[in-house]
Amino acid sequence: MRDRRLVLGAALALIALPVVVVPIEAVAFYSANRDNGSFVSSGVKREYLLYVPKSYKRSKPSPLIISMHGAGLWGAVQQDISRWNVVAGREGLIVVYPSGIGGRGLRVWHEDEGPGVSRDVKFISELIDTLEAHYNIDPARIYANGLSNGGGMAFALSCTLSHRIAAVGLVASAQLLPWSWCTDSHPVPMIDFHGTADPEVPYKGGSSWVAPGHRGFPNQLTWAANWAQRNRCAPEPIDSAVAPDVTRRAYTHCADEADVVLYTLQGGGHTWPGGGPLPEWYVGVTNRSIDATGTMWDFFREHPLATRRKTE
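Residues numbered from 1 in each chain as written. Predicted model: local features only at pLDDT ≥ 70, side-chain atom pairs only at ≥ 80, totals over all residues. Heavy atoms only, no water.

Right, let's get into the environment of serine 185. Checked against the element boundaries, serine 185 lands in the loop between strand S6 (167–171) and strand S7 (190–195). Sequence separation between serine 185 and arginine 230 is 45 residues; the distance between their C-alpha atoms is 6.1 Å. Beyond its immediate stretch of four places on either side in the chain, serine 185 contacts Arg230 and Arg232. (Helix = DSSP H or I, 4+ residues; strand = E, 2+ residues; numbered from the N terminus. Contact = heavy atoms within 4.5 Å.)

See below:
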């Protein structure tokens with residue numbers, strides 16, 4: 001995926017440095033990007049980066065945000081791109097940035113129809129268990145979101161952990177699983193952000209160089225409509241303008257109040273709106289008219305886990 005190019009760019013930058021400086025820069029890079037937690041899942045060491053705000057109190061249940069990186073990246077990069085720590089510090093959230101499989105190499109989430117997706121789902125479930133054992137996590141307010149490949153993984157979690165995940169957020173999501181794969185009909189609230197000029201995952205769907213041989217990515221309007229049907233929402237969406245280059249499509253009157261919202265970013269690229277900078281020459285424009293993280297949290301806090309699903 002395009003994220004691999006970013007990793008390659010970082011490696012080339014190190015190669016170009018004087019020999020004496022390279023070890024220093026490599027150590028600094030590792031220090032800034034290392035995870036701070038790990039455990040063995042399915043026989044493999046899995047890692048994550050955890051942020052606990054200073055305002056955390058054991059006596060008060062805290063919401064948990066699970067934010068997943070794009071293919072080829074890792075937890076620290078997702079932290080920098082999404083800037084969830086800013087919102088977490090203000091709102092008192094615990095945020096975890098898990099890493100896909102890949103060790104110190106290119107890390108990816110297995111959101112395909114093979115056995116890998118089950119192992120990744122198990123890892124996320126065990127990660128929730130691990131954090132619940134050490135912190136006072138509100139079980140009704142556990143949310144998952146992700147960029148690109150991480151957004152695809154958020155969809156997979158909505159289909160497999162709907163009894164634990166209260167709502168999901170997708171940003172420039174790369175959906176490699178067909179909708180028919182999701183046999184879980186439980187309503188899961190969903191908020192989605194996607195640019196019309198995304199060079200990696202086309203807004204209108206179709207094939208892309210990032211997934212050669214794949215059946216093609218879905219049209220974003222169709223994807224939102226399918227999710228609304230899953231959540232048994234009213235069939236007619238409500239469209240509104242948020243900014244001159246941002247429109248909002250909302251499906252309401254859904255089962256369990258599980259709303260579905262799609263933000264369309266005119267001219268937006270394969271980026272996180274309002275987030276950390278990415279190379280525009282490669283992934284396109286980062287929209288600054290809307291803050292995806294802040295907007296996502298506003299949506300999340302209005303959608304705790306439905307009572308019916310908490311008791312199942």
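This is not the end of the story, as more comes after the structure.
Its location among the elements puts glutamine 175 in the loop between S6 and S7. We classify glutamine 175 as buried; its relative accessible area is 2%. Polar side-chain contacts of glutamine 175 include one of 3.5 Å to the backbone oxygen of glycine 151. Engagement of the side chain of glutamine 175 in a polar contact is seen with the side chain of serine 173, the distance being 3.2 Å. Setting aside residues up to four positions removed in sequence, glutamine 175 forms contacts with Glu111, Gly151, Gly152, Phe155, Leu170, His214, Phe217, Pro218 and Trp223. (Buried < 20%, exposed > 50% of the residue type's maximum accessible area, 1.4 Å probe, protein only. Polar contact = N/O pair within 3.5 Å; in protein donor to acceptor, adjacent residues only side chain to side chain.)

Moving on, we come to unusual backbone geometry. Trans is the common state for peptide bonds, and a negative phi is the common state for residues other than glycine. Phi at serine 148 is positive, roughly 55 degrees, even though this residue is not glycine. Judged by its relative accessible area of 0%, serine 148 is buried. One non-glycine residue, glutamate 257, lies in positive phi territory at about 55 degrees.

Take the state of the cysteines next. Here the structure, examined in full by the defined rule, presents two disulfides. Covalently, cysteine 159 is tied to cysteine 182 through a disulfide, its sulfur atoms 2.1 Å apart. Where cysteine 159 bonds to cysteine 182 through sulfur, the torsion about that S-S bond is close to -110 degrees, and the disulfide is left-handed. Of this pair, cysteine 159 sits in helix H6 (residues 149–160) while cysteine 182 sits in the loop between S6 and S7, and the two are 23 residues apart along the sequence. Of the residues examined, cysteine 159 reaches a relative accessible area of 8% and is grouped as buried. Owing to a relative accessible area of 12%, cysteine 182 belongs among the buried residues under this scheme. Covalent S-S linkage joins cysteine 233 and cysteine 254, the inter-sulfur distance amounting to 2.1 Å. On the sign convention where negative is left-handed, the bridge of cysteine 233 and cysteine 254, at about 105 degrees about the S-S bond, is right-handed. Of the two residues, cysteine 233 is situated in the loop between helix H7 (220–230) and strand S8 (238–243) and cysteine 254 in the loop between strand S9 (246–251) and strand S10 (260–265); the sequence distance between them amounts to 21 residues. (Disulfide = S-S within 2.5 Å.)

This part is about the packing of helix H5 (residues 116–134) against H6. Following both chains from N to C, one finds H5 and H6 inclined at 75 degrees, their axes separated by 10 Å at the closest point. In this view, H5 runs roughly perpendicular relative to H6, as classed from their interaxial angle. Residues Val117, Asp120, Val121 and Ile124 of H5 touch H6, and the partners they reach there are Met153, Ala156, Leu157 and Thr160. Among the residues making up the contact of H5 with H6, the classes are represented as six nonpolar, one polar and one charged. (Axes fitted to C-alpha atoms, helices over the stretch in contact; angles between N-to-C directions. Parallel < 35°, antiparallel > 145°, perpendicular 65-115°, else oblique. Nonpolar A, V, L, I, M, F, W, Y, C, P; charged D, E, K, R; others polar.)

A few words now on helix H9 (residues 292–301). The buried count for H9 comes to eight of ten residues, which makes it a mostly enclosed element. Among the residues of H9, those classed as buried are Ala292, Thr293, Gly294, Thr295, Met296, Trp297, Phe299 and Phe300. Among the residues of H9, the N-terminal cap falls to aspartate 291, whose side-chain oxygen and the backbone nitrogen of threonine 293 are separated by 3.2 Å.

Moving on, we get to the sheet that holds strand S2 (residues 44–51). Reading across the sheet, the ten strands line up as S1-S2-S4-S3-S5-S6-S7-S10-S9-S8 and stay open at both edges, with mixed pairing between neighbours. Strand pairing shows two members of the sheet lacking a second neighbour, strand S1 (37–41) and S8, which therefore form its edges. Neighbouring strand axes in the sheet, compared pairwise and without regard to direction, differ in orientation by 20 degrees on average. Bridging between strand S3 (residues 62–68) and strand S4 (residues 94–98) involves three bridges; their strand directions are parallel. Each bridged residue has a counterpart across the sheet, and for isoleucine 66 the counterpart in S4 is valine 96. The strands touched by H6 are S3, strand S5 (137–147) and S6; relative to S5, the strand with the most contacts, the crossing angle is about 140 degrees. (Pairing = 2+ DSSP bridges.)

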